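Chain by chain, the residues run as shown.
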Amino acid sequence: MRMNRAFGAVLVAILATASAPSAAGATRAAPDGAPGAARAGQVVTYDQHSVMLDGRRILVQGAEMHYFRLPSPDLWRDVLEKIRAGGFNTVSLYFDWAYHSPKRGVYDFTGVRDVDRLLRMIDEMGMWAIVRPGPYINAETTGGGFPAWLKLVPGKARTSAPGYTAAYTEWLDHINPIIARHQVTRGGSVLMYNVENEYQANTDAAYMQALQDKARADGIDVPIVTNVCCDAGSWASTWGSGLGAVQIPGVDDYPQSFDCANAETAWGPWGEGVTERIRPDAPGYAAEYQAGAIDLGDTGYERCRELTGPEYMRFFYKNNAITSGSTLFSYYMTFGGTNWGWLAQPNDVYTSYDYGAAITEGRQLTAKYDEFKRQGYFLTALAPLAKTDPATAPTSDSPALTAVARSNPDTGTQFVLLRHTDRAAASDDSGVLDWSTPDGRYRVPVRVVGKDAKILVAGYDLGGQRLVWSTSEIMTHAAIGGRDVAVLYGTEATGGATVLRYPARPRVRVLDGEVTSTYDPATGDLRLDYRHEGLARVEISGGGRRSALLLLGTHATVSPFWRMETDAGPVLVRGTSLVRSATVTGAAVRLRADTAAPGQIEVFAPARRLSVNGQPVGVRPTPSGSLVGRLPGPDRVRLPRLTGWRTQVEAPEAAPGFDDSRWVVADKTTSLSPYQPNTLPVLYADDYGYHYGNVWYRGRFTATGTETALKLNAITGRRGSYLVWLNGRYLGAARGGVEDDSVPNPDPGPGTFAIPDGLLTAGKPAVLSVLVENMGHNDDWTVDDVRMRQPRGLTGAALIGSGAALSWRIQGARGGEDLTDRARGPLNNGGLYGERHGWSLPGYPDGSWRRVGSLAGTPVAPGVTWYRTTFGLDLPRGQDTSVALRFAEPPPAGHRVMLFLNGWQLGLYGGGGMGPQTDFVLPAGLLRHNGTNTLALAVTAREASELGAVSLVSLGTQRGGVPVLPVHSPAFR
């Protein structure tokens, strides 16, 4: 994912023609382009139309999720099952180098970093994976995925520089073998391997080639792909030799921009969003298609969800699919997750990475998810879509309506995109299409309401039926119990018509709704006319074809349908909140499903009995040939009040007599950073091995008595600040410099602090204490060494009115071999005294701390103060409840709060640009749903202020879910 679209839009992206398309591996054997049981030895090939597995064309419907933003491995399965149920057959995965490597030569793939376990889950679920190990990923992560220790390695990153090459080779030596054993060629899930990320900002072809050569040497034999930013599809044209060019280049498309603040008016400000085909011999690949937005305006992710809501999805996604003929889609993001710890880069995101995605940060499904499901089921069910060419579109008698068409050259099936000429139109436009279908020429009445788009199908063998044309859209169809069952839909209260062809007059029985039928014996056309209201049901039998059941609904009434593949064929389920899996054995269908409320369940399956989540469900047959029963909803969730708080003032480092003799002496005079310090010695935190979170400095000098003020400078990244004490007296705080200061700015984060009269005595020692809040590291999207190596921490310190020399020591949180908490990792903690001494951990002996009855209205003095409490939960078992910590007040201006749950740092709340967030998700696994939990809040106040109330809230609860085991969370020792 990229950061600066405005900048990227002016880049010229270049990509050369690479070696000829060729075979790699594959797996999956299932009808209608859906993944199925894995087996080794299959082959991946491709042409200009699509990827093929053993010659079978597939249409990839991919969803991006980030395992590193969900530190609870059992919940990976929950999200993956929701992705699969939503019509996706593929998941796209970044692998974050920084997340796995706390120190040069040190790598961790255990616990919440066990990506082998993640890929096994995807293998087991019968999905495909697009893997993206970088080395650079961006993804709004700290350093763009680069570990902070890379700042200390000579050589420009994202080039062929020897130092950088040695570093990234080390990373690929670890991650590539894990990926390789999960390729489709070996019976796994990995379908494509993405090198680098949005690399058009630089054209080091040798670097791109080296990454591919390394992948091949490490056993990667699936197609190698990449993603080109900013719709710049000409990237490889200057690489005439083919050096560095990948097999299938893809394009990023973000047509809605990131202007969440103007969600109600934005409509494609960054273009039509039609994926460009970069290579004529490769399929069109929407490597990152916008499925949400980062919240640049701090307006909240619900506004981003509105910006990229169902209306946008219908118009732009359908436009992309038909106009470009692409068959590889990956949507960024489908589940965003949480920037826990110090995972986030500092410039454009805050704790939540909800992204306005279809699945919320709290793992709840939205209206966007419903639209993904409607479109995803369609894309994967209609096999002819995997191979289409541009075709002559029907003409409309209404100038307000346009049509674009594609057809399958083998079957003749036509796909017509119908939409408004004026994409901003909100009117109700009707017209008649002059449509030459494969089965004849027709005048077809159509209607488009508002900003909408429809994909209409003609000349399609719908199972055993022949679909001549329809003004309803197809959601899905399947052969179930010896007949065809099809789900079609249209806009509420609009007319619909469907024409099917039969050798002889069929029998039509309307089971529900108002549907009229006419039969033309001259053509064999059976025409059904209806309005899209509720859910009409029509049974068709005889006529020389097998029986069919048409379910004719609206966007809303088809949303409760779920399609699941089983060894006995597809099943359709209606009425549950989610269907996770289905099996059919004999006369019994067994479902794993979630319910958010009691209600009816309907199942279309070759079965007479039903069980859900292991419990039998009483059912009765219906005239539609389905089974109907009732399911209970979830039990009531009761969350405790948060009481019994204890508090302790921190920051002994501010006291003059504090013993800092074990701290690192900061006396370096040079740095690899191109950003030169304002004063010497070099005080950059990274140069002393302190990469993440808060850092303390203590400077000593002998006072002359002429000092009037302190002049400090610091770079913290956006939202960061620093606090200053002199001889234990608090002098105030200042904002730290930000990404824009990578120019570099000679005065990036200035702070001038007056020295009170009498605080210093001539000839006496003095101690300056500075707490710097470092907010993460810049990305390297533009391949800019100055920006990438921009330091964190103090960049300068001087005494005004005195030439006294300052000597320095520094303290923070270390990684690598010095890391004391390997379960949570180096991104979890910074250098606060309480963090270093276990105050955030369960089991810390806080009995001597002062009791606080309630946090609401509690005064907070400048500096650092901790609050701790424990609470017990006994949530209903067999139920998935998403819990969050809610701060009652809008983010305060005077302080910020760092939230720890059972030792895991899950959020930063407060003013100073920390974002609008007041709810912080507490993921199951980290949160003990049936046990005791420890909550710790570290409050850093820049000025005197008051705390607000905090409480536990449920973001949603459903009967069902996946079993979640506690994540290893070491206690205080």
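These notes cover the structure that comes with them.

## Quick look at the overall build of the protein chain
Alright, step 1. When its secondary structure is counted, the protein chain shows twelve helices and 57 strands.
Alright, step 2. Computed over the C-alpha atoms, the radius of gyration of the protein chain is 30 Å, within 12% of the 30 Å expected from 2.2 N^0.38 for a compact globule of 973 residues.
Alright, step 3. The principal-axis extent of the C-alpha atoms belonging to the protein chain is close to 110 × 65 × 55 Å.
Alright, step 4. Among the 973 residues that make up the protein chain, the fraction classed as buried is 66%.
Alright, step 5. Of the contacts formed within the protein chain by residues at least 6 apart in sequence, a portion of 74% connects residues at least 24 apart.
Alright, step 6. Here the protein chain holds 94 positive side-chain charges and 95 negative ones, and the gap between their average locations is 5 Å.

## Here's the deal with helix α9 (residues 367-381)
Alright, step 1. Between its first and last C-alpha atoms α9 spans 21 Å; for 15 residues at 1.5 Å apiece the expected length is 21 Å, and the two agree.
Alright, step 2. Counting buried positions along α9 gives 13 out of 15 residues, so the element sits mostly inside the fold.
Alright, step 3. The opening residue of α9, the one whose side-chain oxygen lies 3.2 Å from the backbone nitrogen of Lys368, is Thr366.

## Section: the packing of aromatic side chains
Alright, step 1. Inspection of the entire model under this criterion finds 54 aromatic pairs.
Alright, step 2. Between Trp97 and Trp149 the ring centres are 5.8 Å apart and the planes differ by 85°, which places this aromatic pair in the edge-to-face class. Remark: Trp149 occurs in the loop between β7 (128-132) and α5 (162-180) and Trp97 occurs in helix α3 (residues 97-100); sequence separation between them is 52 residues.
Alright, step 3. An angle of 55° between the planes, with centres 5.1 Å apart, marks the rings of Tyr164 and Tyr168 as tilted. Of this pair, Tyr164 and Tyr168 both sit in helix α5, four residues apart, which is roughly one turn of that helix. Each member of the pair Tyr164 and Tyr168 is classed as buried.
Alright, step 4. The ring of Tyr99 has Arg113 lying over it, and the distance from NZ or CZ to the ring centre is 4.5 Å.

## What about the pattern of salt bridges?
Alright, step 1. Taken as a whole and assessed by the stated rule, the structure comprises 55 salt bridges.
Alright, step 2. A salt bridge links Arg718 to Asp298; its shortest N-O distance comes to 3.7 Å. In this pair, Arg718 is assigned in the loop between β41 (709-715) and β42 (721-726) and Asp298 in the loop between β11 (285-290) and α7 (301-307), connecting sequence segments 420 residues apart.
Alright, step 3. Each of Asp78, Glu81, Lys82, Arg363, Arg580, Arg592, Asp594 and Asp880 takes part in a single network of salt bridges with overlapping partners.

## Focus: unusual backbone geometry
Alright, step 1. Tyr332 connects to Met333 through a cis peptide bond whose omega is -10°.
Alright, step 2. Here Met333 is to be found in the loop between β12 (328-332) and α9.
Alright, step 3. The residue Ala139 is not glycine, and still its phi comes out positive at about 55°.
Alright, step 4. At Asp298, a residue that is not glycine, the phi angle is positive and equals roughly 50°.
Alright, step 5. Here Asp298 falls in the partly exposed class, since its relative accessible area comes to 21%.

## So, the packing of helix α2 (residues 73-85) against helix α4 (residues 115-124)
Alright, step 1. The geometry of α2 relative to α4 is characterised by a closest axis approach of 10 Å and an angle of 30° between their N-to-C directions. Between α2 and α4, the interaxial angle falls into the category roughly parallel. Note that α2 runs across α4; the crossing there is right-handed. Every residue of α4 that contacts α2 at Pro73, Asp74, Trp76, Arg77 and Leu80 is listed here: Arg117, Leu118, Met121, Ile122 and Glu124.
Alright, step 2. Among the residues forming the contact of α2 with α4, the class breakdown is six nonpolar, no polar and four charged.

## With respect to the pairing of strand β32 (residues 588-594)
Alright, step 1. Most of β32 sits out of view: five of its seven residues are buried.
Alright, step 2. In this structure, strand β31 (residues 578-585) lies alongside β32, joined through seven bridges in antiparallel fashion. Across the sheet, the residue bridging to Ala582 is Leu591, located in β32.
Alright, step 3. The loop that links β31 with its antiparallel partner β32 comprises two residues; one of these, Gly586, has a positive phi angle of about 60°.
Alright, step 4. By the bridge criterion, four bridges tie β32 to strand β34 (residues 609-612) in an arrangement that is parallel. Of the residues in β34, the one forming a bridge with Arg590 is Ser611.

## So, the environment of Ala40
Alright, step 1. As for its position among the elements, Ala40 is in the loop between β1 (24-26) and β2 (42-46).
Alright, step 2. Put simply, Ala40 and Val743 are 703 residues apart on the chain and 52 Å apart in space, counted from C-alpha to C-alpha.
Alright, step 3. Aside from chain neighbours lying at most four places away, what touches Ala40 is Val184, Thr185, Arg186 and Gly187.

## Description of the nonpolar core
Alright, step 1. The biggest cluster of nonpolar side chains holds 240 residues, and the ones touching the most others in it are Trp97, Leu150, Tyr193, Leu591 and Leu885.
Alright, step 2. It is α5 that contributes the most residues to this core, nine residues altogether.
Alright, step 3. Those residues within four positions of Leu150 in sequence are excluded, and the remaining contacts are Trp97, Ala157, Tyr164, Ala167, Met788 and Arg789.
Alright, step 4. Grouped together as the second largest cluster of nonpolar side chains are 32 residues, Ala734, Phe753, Leu760 and Ala797 included.

## A few points about the sheet that holds strand β51 (residues 879-887)
Alright, step 1. If you trace the three strands from one edge of the open sheet to the other, you get β54-β51-β57, paired in antiparallel fashion. Unpaired on one side and paired on the other, β54 (919-922) and β57 (950-959) mark the two borders of the sheet. Averaged over all pairs of adjacent strands, the angle between their axes in this sheet comes to 30°, without regard to strand direction.

## Some thoughts on the packing of helix α8 (residues 310-324) against α9
Alright, step 1. Between α8 and α9, the shortest axis-to-axis distance is 9 Å and the interhelical angle comes to 30°. Taken together, the axes of α8 and α9 are roughly parallel relative to one another. For α8 against α9, the interelement crossing comes out right-handed. In this structure, α8 contributes Pro310, Met313, Arg314, Tyr317 and Lys318 to the contact, and α9 contributes Ala367, Lys368, Glu371, Phe372, Arg374 and Gln375.
Alright, step 2. Tallied by class, the residues present in the contact of α8 with α9 amount to five nonpolar, one polar and five charged.

## Notes on the side chain of Thr869
Alright, step 1. Structurally, Thr869 is set in strand β50 (residues 863-874).
Alright, step 2. Owing to a relative accessible area of 4%, Thr869 belongs among the buried residues under this scheme.
Alright, step 3. Separated by 2.4 Å, the side chain of Thr869 and the backbone oxygen of Thr643 make a polar contact.

## Some words on the sheet that holds strand β46 (residues 793-800)
Alright, step 1. Taken together, three strands build an open sheet; the order of strands is β44-β41-β46 and the sheet is antiparallel. Edge positions in the sheet fall to β44 (750-754) and β46, since each of these pairs with one other strand and no more. The sheet shows a mean angle of 20° between the axes of neighbouring strands, direction not considered.
Alright, step 2. Sheet analysis places β41 next to β44, joined by five bridges and oriented antiparallel. Looking across to β44, one finds that Lys711 is bridged to Thr752.

## A short note on the side chain of Glu707
Alright, step 1. Checked against the element boundaries, Glu707 lands in the loop between β40 (694-702) and β41.
Alright, step 2. Here the side chain of Glu707 touches Thr704 through a polar contact of 2.8 Å, landing on its backbone nitrogen.

The rules behind the values
Residues numbered from 1 in each chain as written. Predicted model: local features only at pLDDT ≥ 70, side-chain atom pairs only at ≥ 80, totals over all residues. Heavy atoms only, no water. Helix = DSSP H or I, 4+ residues; strand = E, 2+ residues; numbered from the N terminus. Rg over C-alpha atoms; globule rule 2.2 N^0.38 Å. Buried < 20%, exposed > 50% of the residue type's maximum accessible area, 1.4 Å probe, protein only. Contact = heavy atoms within 4.5 Å. Lys, Arg positive; Asp, Glu negative; His and termini not counted. Charge placed at Lys NZ, Arg CZ, Asp CG, Glu CD. Expected span 1.5 Å × (residues − 1). Polar contact = N/O pair within 3.5 Å; in protein donor to acceptor, adjacent residues only side chain to side chain. Phe/Tyr/Trp six-rings, centres within 6.5 Å; stacked < 30°, edge-to-face > 60°. Lys NZ or Arg CZ within 6 Å of the ring centre and 35° of its normal. Salt bridge = Lys/Arg side-chain N within 4 Å of Asp/Glu carboxyl O. Axes fitted to C-alpha atoms, helices over the stretch in contact; angles between N-to-C directions. Parallel < 35°, antiparallel > 145°, perpendicular 65-115°, else oblique. Left-handed = near helix turned anticlockwise from the far one by under 90°. Nonpolar A, V, L, I, M, F, W, Y, C, P; charged D, E, K, R; others polar. Pairing = 2+ DSSP bridges. Core = buried A, V, L, I, M, F, W, Y, C linked by side-chain atoms within 4.5 Å.

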